[in-house]
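Residue-level listing of the chains:
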Amino acid sequence: MTDSLTTKAAWKNLNAHYEQIKSKHLRELFAADPLRGKTFSLEAVGLYLDYSKNRIDGDTVSLLIELAKASGLQERIEAMMSGEKINTTEDRAVLHTALRAPRDATIELDGKNVVPDVHAVLDKMAAFCDSITSGKWTGHTGRRIRNIVNVGIGGSDLGPVMAYEALRHYTNRDLTLRFVSNVDGTDFAEATRDLDAAETLFIIASKTFTTQETMTNAHTARGWLLEQLGGDDAAVAKHFVALSTNAEQVAAFGIDTDNMFGFWDWVGGRYSMDSAIGLSTMLALGPDQFREMLAGFHEMDQHYRSAPLEENLPVILGLLTVWYTDFFGAQTTAVLPYDQYLKRFPAYLQQLTMESNGKSVTLAGQRVDYDTSPIYWGEPGTNGQHSFYQLIHQGTHLIPCDFIAFAKSLNPIGDHHDKLTANVFAQGEALAMGKTRDEVLAEGTSEELAPHRVFEGNRPSNTLLIEKLTPTVLGKLVALYEHSVFTQGAIWQVNPFDQWGVELGKVLAKKIVPELESADAPLDHDSSTNTLIERYRSLK
């Protein structure tokens, strides 16, 4: 039986330290160290992290590092990157880092170097993208492809959507990209309403080619296409490609298996945006810029693997999350990018973080006696400031925040960017320092109103400051959070690479579908579910 995390000496030491520091205010910590803003900052691979506005001191960092060492973090990192089967509940290796390894790298799994296979797929993707953008690939009627519709769900949708939005500045504007994920028919209807089937290519992203939502939308897309193009089944092969490993099902659908782009069981869905799942991203960016993004991923991978723990960006971010989740009782983390292009980044992180570490059982099969993943959420600034920041500043919940800012705008218009950046810096300062009652009264506020205008402060945040958003930088940012999640999972002793929690609802949904379609089907659910099904039947 594995010792519980909370019985480790490093955990107990950290808990004793928490009792000493929990009441200290950030104003006090900054006053005690005039250089605190530099003391608690890191710069690596082109990213600058200011973590000085956290409720920590030097002892906190040292104790968190000791906890990481006691949890075997360095060994876990090496095991992951060297191809050990650390996804023990599915007996799989975890090698998303191989997806962005350079062509001359060697990463072995069961005695075979997987890197050549990775680059064979990337080369095939690049050749396909060139055939689309050059006009060499034409649709069934001979017209060139101008519209790309990615059909997927989960990691087969969130990554491509986020990357497309994040890097839209760099995309080929001659192509229209749309994304369909929800099994709600509205999603498909609105994505295709103004498209010409003769100029539209569908990318069907499903490893097994059996995912219910994706294949429902895929068959709807097939019907939509054939209806517009005269019903000739031969049209399917000119307007559909597959991101899958199930050649039999792909062929049965009508897709030429030469246009099937594969990936491997050592790539989890939420870690797959830089695999064949990124075909829509490569089409939008072009192969060269897609490879720049991969290079950014790889640079962060190398930093995570080699940098000392105390100088390691993902390690520090991950340990701070453990600190607030397990000692301060924080239930959520806000990710607040001050760049409109990153508007889908918080949504992408929701799957990455919560599907990975939303676990209540350790690798050893024991129930945890501590909290695991917080809830991740967020919106781009400054929109959020006029929405939920009130709660972050003056509410009753402690919400650690990650601010993401860029020194240069991709769209420099007047003084917009200075105002944007001033806001992100001001928010971090306001959250940390707050405003005391005396300061409020000194401004002339009445005694009666003063309580409403006091800001307690002492609300923690990190600020990532980066020169400019580029494909390379996006790769670094995604890998930063991937490895932060892995750090958290290593401390919490959970498996960040399975997702059994999504299974039960899907199994029950398959049972309920025929019960909704037939008014006579017998029902054997709980009384609530039975009643809802009966009411749906009557309203339908």
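Reading guide: rules and limits
Residues numbered from 1 in each chain as written. Predicted model: local features only at pLDDT ≥ 70, side-chain atom pairs only at ≥ 80, totals over all residues. Heavy atoms only, no water. Axes fitted to C-alpha atoms, helices over the stretch in contact; angles between N-to-C directions. Helix = DSSP H or I, 4+ residues; strand = E, 2+ residues; numbered from the N terminus. Parallel < 35°, antiparallel > 145°, perpendicular 65-115°, else oblique. Left-handed = near helix turned anticlockwise from the far one by under 90°. Contact = heavy atoms within 4.5 Å. Nonpolar A, V, L, I, M, F, W, Y, C, P; charged D, E, K, R; others polar. UniProt positions renumbered as here; feature names shortened; annotations may be inferred. Buried < 20%, exposed > 50% of the residue type's maximum accessible area, 1.4 Å probe, protein only. Polar contact = N/O pair within 3.5 Å; in protein donor to acceptor, adjacent residues only side chain to side chain. Expected span 1.5 Å × (residues − 1).

Peer 1: I'd like a description of the packing of helix α21 (residues 503-517) against helix α22 (residues 527-539), backed by residues and values.
Peer 2: Closest axis-to-axis distance for the α21/α22 pair is 9 Å, and the angle between their directions is 40°. With respect to α22, the element α21 is oriented oblique. The way α21 lies across α22 gives a crossing that is right-handed. Contacts between α21 and α22 pair I512, E515 and L516 from the former with T529, I533, Y536 and R537 from the latter. Residue composition of the contact of α21 with α22, grouped by class: four nonpolar, one polar and two charged.

Peer 1: Explain the UniProt feature "active site" (unreviewed entry) in the chain residue by residue, including any values.
Peer 2: When the UniProt feature table is mapped onto this chain numbering, "active site" (unreviewed entry) sits at E355, H386 and K506. A maximum C-alpha distance of 37.1 Å is found for the annotated residues, which run over 152 residues; spatially they are spread out rather than grouped. Structurally, E355 can be placed in helix α15 (residues 345-357). Among the residues examined, E355 registers a relative accessible area of 22% and is labelled partly exposed. In this structure E355 touches R270, Q350, D498, Q499 and V502, once residues within four positions along its chain are discounted. Within polar-contact distance, the side chain of E355 engages the side chain of R270 at 2.8 Å. Within the secondary structure, K506 is located in helix α21.

Peer 1: Describe in detail α22, supporting the description with residues and values.
Peer 2: The terminal C-alpha atoms of α22, which comprises 13 residues, lie 18 Å apart, in line with the 18 Å expected from a rise of 1.5 Å per residue. The N-cap of α22, judged by a side-chain oxygen 3.0 Å from the amide nitrogen of S528 a few residues on, is D526.

Peer 1: Could you give an account of the environment of A276, naming the residues involved and the relevant values?
Peer 2: On the secondary structure map, A276 appears in the loop between β9 (260-261) and α12 (279-285). In this structure the C-alpha to C-alpha distance between A276 and V118, which are 158 residues apart in sequence, comes to 9.2 Å. Excluding its chain neighbours within four sequence positions, the residues that come into contact with A276 are V121, M125, L243, F261, G262 and F263.

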